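# Report on the structure
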Amino acid sequence: MNVDWKLIPHFANIDAARLESIQQAAHQRSFQAGSTIFSEGESCAGLHVVLDGMVRIYRMNAEGRLHTLSLLRPVSTFNEVAAVDGGPNPYNAVAVTNAEVMVLSHRCLIGMLANERALLENYGPKLAHLNREYIERLEDMTFRSIPSRLAKLFLHETTYADQIAETPTKLTQEEIAAILGTTREVVGRALRSLLNAGLLRKKGRQVFIADRAGLEYLAETNTMPASATQPECPRPREI
């Protein structure tokens, strides 16, 4: 399977002959659903490009709790940092569905960066963007409430839009919990609070944005908007 490398920001503005040499240097790999692509701490697996299917990027703590960093679809890239410094993989990658992945080794990528100025100019800002993105997500986990993080996820703001390929309505509460760094039960309570406040609405099993301005306020300020619908107080019983 040939890759349209021009669709990948790293390889924009590179001439056709050079792109062909990149295609020849890359190796395509196939994974069945549930298969491990590479593991955290293992030797550098190189730069990966998702050609088909969906890939989960995650870390796991000592207690076995999984934290999803990304859910990626074509033509997303991952393992950019290790592919440059040659160090161990910083996270785990697993095929959620049957997946096709193209791989560029660390040695191959370093050689290309040394000889292709356009690739170097593209790759540097991409690494900086990833760094800013993960710093913002770390700040969210440290300082923001779960309802505020959930609001950001539904709004698909920059903190999550580049990393989470699935829309929140297609994610299970367990997957949302793994993305937000919490438990399914906490996500369930936060989801109900946003539904009760009129910021989200539910139709069948699908959840939709009902008040975008309210969600934006919650995501930005970490505070529920005053205009949010409050549950009605029970009427006093007549004696």
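A brief report on the enclosed structure follows.

About the criteria used
Residues numbered from 1 in each chain as written. Predicted model: local features only at pLDDT ≥ 70, side-chain atom pairs only at ≥ 80, totals over all residues. Heavy atoms only, no water. Pairing = 2+ DSSP bridges. Helix = DSSP H or I, 4+ residues; strand = E, 2+ residues; numbered from the N terminus. Core = buried A, V, L, I, M, F, W, Y, C linked by side-chain atoms within 4.5 Å. Buried < 20%, exposed > 50% of the residue type's maximum accessible area, 1.4 Å probe, protein only. Axes fitted to C-alpha atoms, helices over the stretch in contact; angles between N-to-C directions. Contact = heavy atoms within 4.5 Å. Phe/Tyr/Trp six-rings, centres within 6.5 Å; stacked < 30°, edge-to-face > 60°.

## Overview of the sheet that holds strand 1 (residues 27-31)
Overall, antiparallel pairing links the 4 strands, which are arranged 1-8-3-6 in an open sheet. Every other strand in the sheet has two partners, leaving strand 1 and strand 6 (77-78) as the edge strands with one partner each. Sheet topology note: the strand 3 (residues 47-52)/strand 6 ladder contains 2 bridges and is antiparallel. Bridge pairing links Val49 to Thr77 in strand 6.

## Focus: the nonpolar core
By size, the foremost hydrophobic cluster in this structure holds 25 residues, and its most contacted members are Leu150, Phe154, Ile176, Ile179, Leu194, Leu200 and Leu215. Mapped by element, the contributors of at least two residues to this core are helix 5 (146-155), helix 7 (173-180), helix 8 (184-196) and helix 9 (212-221). With 6 residues, helix 5 is the largest single contributor of residues to this core. If you look at the next biggest cluster of nonpolar residues, it comprises 21 residues, including Ile8, Ala83, Ala118 and Leu119.

## What about the sheet that holds strand 7 (residues 92-95)?
In spatial order, the strands read 2-7-4-5; together these 4 strands make up an open sheet with antiparallel pairing. In this open sheet, the two strands that pair with only one neighbour each are strand 2 (36-38) and strand 5 (66-72). With strand direction ignored, the average angle separating the axes of adjacent strands in the sheet is 30 degrees. Looking at chain direction, strand 4 (residues 55-60) and strand 5 are connected through 6 bridges and run antiparallel. Bridge pairing in strand 5 links Met60 to Leu66. On top of the sheet, helix 7 reaches strand 4 and strand 5; it is set at about 100 degrees to strand 5, its chief contact.

## A short note on the packing of aromatic side chains
Taken as a whole and assessed by the stated rule, the structure comprises 3 aromatic pairs. Consider the rings of Phe38 and Phe78, whose centres lie 5.8 Å apart with planes at 35 degrees: the pair is tilted. Taken as a pair, Phe38 in strand 2 and Phe78 in strand 6 lie far apart in primary sequence, 40 residues in all. Each member of the pair, Phe38 together with Phe78, is buried. Each residue in the set Phe38, Phe78 and Tyr91 is aromatic and connected to the rest through ring pairs, giving one cluster.

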